[in-house]
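# Commentary on secondary and tertiary structure
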Amino acid sequence: MAVPTDVIPRRPTLLFIVVLAMLFILMSVSSQTRVGDTRTMFERAVMTIFSPVPKFVNWVGTAAQDIHHGYLDMRRAVNENVELRRKVAALTTENLKLRQSEGDQKRLRALLAYAEKFDLQTSMAQTIMLDTAGRFKSIIIDQGAGDGVMVNDVVANANGLVGRVVLTTNDLAKVQLVTDNNCSVGSLIERTRRQGVVRGNGSNAVQLFDIPALADVQAGDRILTAGIDGVYPRGITIGTVVRAEPGQSLFKNVAVKPAVDFGSVEEVIVIHTRKIPPGVVRYAP
Amino acid sequence: MRWLRFAIGLLIALTLHSLLDSFYPNALAFFNPYIILVAYYSMGGNILGAIVAGVLAGFVQDAFSNAMFGLHAFSLTVCAYVIAYINSRLALRGTLAFGACLGGAVIVNELVIYILVSLLVKQRIEMFEQALLVKTIFTLLFGMLVYQLLTLFLREEPIEATRRPAAW
């Protein structure tokens, strides 16, 4: 028998009891079937109807977490990038310093070995100014009279002759380069022992003078100091002959390429030569 | 219209349920959004509507929790009926009245669950008293806040009572 529709609102308590009874039966069934992890069809239906909500919430949560983690990762990456850049800069600086030190060490070692060839007293100096572009070719070194440097001391490096000291202060000295116009060096050709005079030509080259036209001079001959001018000791390399041509007079025109690259002189040896007393120099029998 | 509002409320409760499950898996042991919805709906005094609301909300909660299916539907229906019955007689209004109803509902709900679980599954719920206390406090606070927001900012009132006297 069908229940009239207007009866239900009038009997809510009855409906309540009926509903509770049905729910109790449903629970009892559910508590029995749950053992095998099987869910009632009704439960499945409710889950299916409302499943978009948890799925959506989960999607939003996952997306929010992804965004959050992405942001954190980005922040971390930016910080890491800054840190790495700082490290790269520091390592680059350190690398440059090490390369510089390595270069310095090589040069100093070569210079030291070169200095040991002389039985004269030597000292090391550092070039602090370089003037090789002007008419007068000179360098300034960081050793002066206070360090025992005197005028006419010879300056060389591992490659060869640089010049001589022409002026000293207490802590600095000016060195006239062999390429200077006013510089003359008593010299000889290593192969033939033929002596001549090397003079600067104002540019970055030197010339060997007073070589007779018949003398044997070839390109590639090494030119050394002869030790006959009272300033430069014997045996320091000046340069190499690059060209030897017959001149218009009795002598040859011999062009010499200096052994030293004056544009890159850094450390030098100051050779404290034995000075000839002025009286002896001026003596005329 | 009132059922639409109830459906929206149910979706919000389920969203809260899912959110809490995702981020704080144990949070639902201390807070029940469904009972706030049922209590709010039952404050209207419509007993029939309250019973349906309790059953629906309970089914949704059951579907997405690991309890026996029908357990929460049963307990929420009991709560809904009690609140609606009282309101059909006394027509309680205001935040404090809602708070009292909600607090009572939470306690009744937990007690009903406790009894049913003891009867049907023969299990004892661990730390029942502590969980009941915490759940009552948190649910009450959150529910009263929601009620206050709805009445103050949305000019929302509990769904209007039908004022039908309950009778056998």
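Residues numbered from 1 in each chain as written. Chains lettered and ligands numbered in written order. Predicted model: local features only at pLDDT ≥ 70, side-chain atom pairs only at ≥ 80, totals over all residues.

Time to look at the packing of helix H4 (residues 52–115) of chain A against helix H1 (residues 2–23) of chain B. Contact geometry of H4(A) with H1(B) gives a least axis separation of 9 Å together with a crossing angle of 50 degrees. As the angle between them shows, H4(A) and H1(B) are arranged oblique. Between H4(A) and H1(B) the crossing geometry is right-handed. In this structure, H4(A) uses Val53(A), Pro54(A), Val57(A), Asn58(A) and Gly61(A) to contact H1(B), whose residues at the interface are Leu11(B), Leu14(B), Thr15(B), Ser18(B), Leu19(B) and Ser22(B). Of the residues assigned to the contact of H4(A) with H1(B), the class counts are six nonpolar, five polar and no charged. (Axes fitted to C-alpha atoms, helices over the stretch in contact; angles between N-to-C directions. Helix = DSSP H or I, 4+ residues; strand = E, 2+ residues; numbered from the N terminus. Parallel < 35°, antiparallel > 145°, perpendicular 65-115°, else oblique. Left-handed = near helix turned anticlockwise from the far one by under 90°. Contact = placed C-beta atoms within 7 Å. Nonpolar A, V, L, I, M, F, W, Y, C, P; charged D, E, K, R; others polar.)

Below, the discussion takes up the sheet that holds strand S5 (residues 173–177) of chain A. Within a sheet, adjacent strands bond to each other through the backbone by hydrogen bonds, running parallel or antiparallel. Residue and element names in this part refer to chain A. Taken in spatial order, the six strands of this closed barrel run S1-S2-S5-S4-S3-S12, and their pairing is antiparallel. The mean angle between the axes of side-by-side strands here comes to 45 degrees, regardless of whether they run parallel or antiparallel. Across five bridges, the pairing between strand S4 (residues 160–168) and S5 is antiparallel. Along S5, the bridge assignment pairs Arg164 with Gln176. Across the sheet, H4 lies against strand S1 (121–131), strand S3 (154–157) and strand S12 (267–272), angled at about 15 degrees from S12, the strand it touches most. (Pairing = 2+ DSSP bridges.)

How big an interface is tends to be expressed through the accessible area that disappears when the partners come together. Contact residues are listed per partner, giving 30 residues for chain B and 30 residues for chain A. The leading source of residues in the side of chain B that touches chain A is helix H3 (residues 47–63) of chain B, at eight residues.

As a further point, take helix H6 (residues 128–152) of chain B. All names here are of chain B. In a regular helix each residue adds 1.5 Å, so 25 residues correspond to 36 Å; H6 covers 35 Å between its end C-alpha atoms and thus fits that length. Every buried residue belonging to H6 is among Lys135, Thr136, Thr139, Leu140, Gly143 and Tyr147, and all of these are buried. On its buried side, H6 packs onto helix H2 (33–42) and helix H5 (95–120). (Expected span 1.5 Å × (residues − 1). Buried ≥ 20, exposed ≤ 12 C-beta atoms within 10 Å, placed from the backbone.)

Here we come to the sheet that holds strand S7 (residues 195–200) of chain A. Residue and element names in this part refer to chain A. Reading around the barrel, the six strands line up as S6-S7-S8-S11-S10-S9 and close back on themselves, with antiparallel pairing between neighbours. In this sheet, neighbouring strand axes are inclined to one another by 40 degrees on average, regardless of whether the strands run parallel or antiparallel. As paired strands, strand S6 (residues 184–189) and strand S9 (residues 222–225) are joined by three bridges and run antiparallel to one another. Of the residues in S9, the one forming a bridge with Leu188 is Leu224.

Further remarks concern the environment of Gly103(B). All names here are of chain B. One can find Gly103 in helix H5. Sequence separation between Gly103 and Gly143 is 40 residues; the distance between their C-alpha atoms is 9.3 Å. When near neighbours in sequence (up to four residues on either side) are disregarded, Gly103 contacts Thr136 and Leu140.

Another point: the pairing of strand S2 (residues 138–141) of chain A. Residues and elements named next belong to chain A. Taken together, the four bridges between S1 and S2 define a ladder with antiparallel strand orientation. The partner of Met129 across the bridge, within S2, is Ile140. Sheet topology note: the S2/S5 ladder contains four bridges and is antiparallel. Within the sheet, the bridge partner assigned to Ile139 lies in S5 and is Val175.

Let us now look at H1(B). The first and last C-alpha atoms of H1(B) sit 31 Å apart over 22 residues, in line with the 32 Å expected at 1.5 Å per residue. Looking only at H1(B), the buried set comprises Phe6(B), Gly9(B), Leu10(B), Ala13(B), Leu14(B), Leu16(B), His17(B) and Ser18(B). In this fold, the buried residues of H1(B) make contact with helix H3 (41–50) and H4 of chain A together with H2 and H3 of chain B.

This brings us to the packing of H1(B) against H2(B). All names here are of chain B. The N-to-C vectors of H1 and H2 enclose an angle of 160 degrees; their axes lie 8 Å apart at closest approach. As far as their axial angle goes, H2 and H1 are roughly antiparallel. H2 is crossed by H1, and the crossing has right-handed handedness. Where H1 abuts H2, its residues Phe6, Gly9, Leu10, Ala13, Leu16 and His17 lie against Pro33, Tyr34, Leu37 and Tyr41.

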